[in-house]
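Now for the letters of each chain:
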Amino acid sequence: MTDAPNPFEAMMKAGQDWAKALNPALESFTPKGFEALFPTMSKDMMESFFGKGINPEGLDAKTRLLLTLMGLTIMGAQAESQIRLTVRHAIEAGTTKQEVAETIGLAAMFGGVPAMTKAMELASQVMEEDNT
């Protein structure tokens, strides 16, 4: 019996070859470097755009960011850039590191321990950078 080529691997290789031909710089592209292009919004700006500024009776920006972090974690913590950006903005909005950790920990009940572990690692990176 012969080893048949894996169609998924062939498709991925074709896509990678196409991306290299289109733009050779895409071979070393990393979303983490792309994150630096997005500045951290100020606490007042976040509150105005998606906090009490929109709905005075609704959720504040800090709570909305913690809910976003929980959702990203429950979905498997696959959106690494989005998790890092959300943690960065949540801290700017007044969230404590303990609140970030509790939010991610609670998400383990719904998304599983592997998702929680990955999200916690990503959040820890942001919080360590925040200390420097």
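In every chain, residue numbers begin from 1 and rise along the written sequence. Predicted model: local features are reported for residues with pLDDT of at least 70 only, side-chain atom pairs are reported and counted for 80 or more only, and whole-chain, interface and lining totals are derived from all residues. For the side-chain quantities, the full set of heavy atoms in the structure was used; hydrogens and water were omitted.

Trainee: What is the right way to look at the layout of surface pockets in this model?
Mentor: By rolling a water-sized probe across the atoms, one finds the places where empty space is left. Space inside the largest pocket adds up to approximately 240 Å³. Lining the largest pocket are twelve residues; nearest its centre among them are T40, R84, R88, V126 and E129. To qualify as a helix, a DSSP run of H or I must reach at least 4 residues; to qualify as a strand, a run of E must reach at least 2; elements of each kind are numbered from the N terminus. Among the elements of the structure, α2 (31-35), α5 (80-92) and α7 (113-131) are those that each provide at least two residues to the lining of the largest pocket. When residues of the lining of the largest pocket are assigned to their parent elements, the largest contribution, five residues, is made by α5. When its residues are assigned to classes, the lining of the largest pocket shows four nonpolar, one polar and seven charged. The pocket and cavity definitions rest on a 1 Å grid over protein atoms only: a 1.4 Å probe that fits but cannot leave marks a cavity, an open set with protein on both sides within 12 Å along at least five of seven lines marks a pocket, and residues lining either have an atom within 4 Å of a point. Grid points are joined across faces, edges and corners, and a volume is the space filled by probe spheres set on the points. Residues are sorted three ways: Asp, Glu, Lys and Arg are charged, Ala, Val, Leu, Ile, Met, Phe, Trp, Tyr, Cys and Pro are nonpolar, and all the rest, Gly among them, are polar.

Trainee: For this particular structure, what's the right way to read the packing of helix α6 (residues 97-111) against α7?
Mentor: For any two helices packed against each other, one specifies the inter-axial angle together with the distance between the axes. Taken N-terminus to C-terminus, the directions of α6 and α7 make an angle of 165 degrees; their axes are 8 Å apart at the nearest point. Viewed along their axes, α6 and α7 adopt a mutual orientation that is roughly antiparallel. Every pair of crossing elements has a handedness; the one defined by α6 and α7 is right-handed. Of α7, the residues touching α6 (which contributes K97, V100, A101, I104, G105, A108 and G111) are V113, A115, M116, A119, M120, A123, M127, D130 and N131. Inter-axis angles, ranging from 0 to 180 degrees, are taken between N-to-C directions of lines fitted to C-alpha atoms, where helices are fitted over the stretch in contact. For classification, angles of less than 35 degrees are called roughly parallel, those exceeding 145 degrees roughly antiparallel, those between 65 and 115 degrees roughly perpendicular, and all remaining angles oblique. Two helices crossing with the near one rotated counterclockwise from the far one by less than a right angle form a left-handed crossing, whereas a clockwise rotation gives a right-handed crossing. Contacts are assigned to residue pairs that have any heavy atoms within 4.5 Å of one another.

The analysis is restricted to geometry; functional conclusions fall outside its scope.
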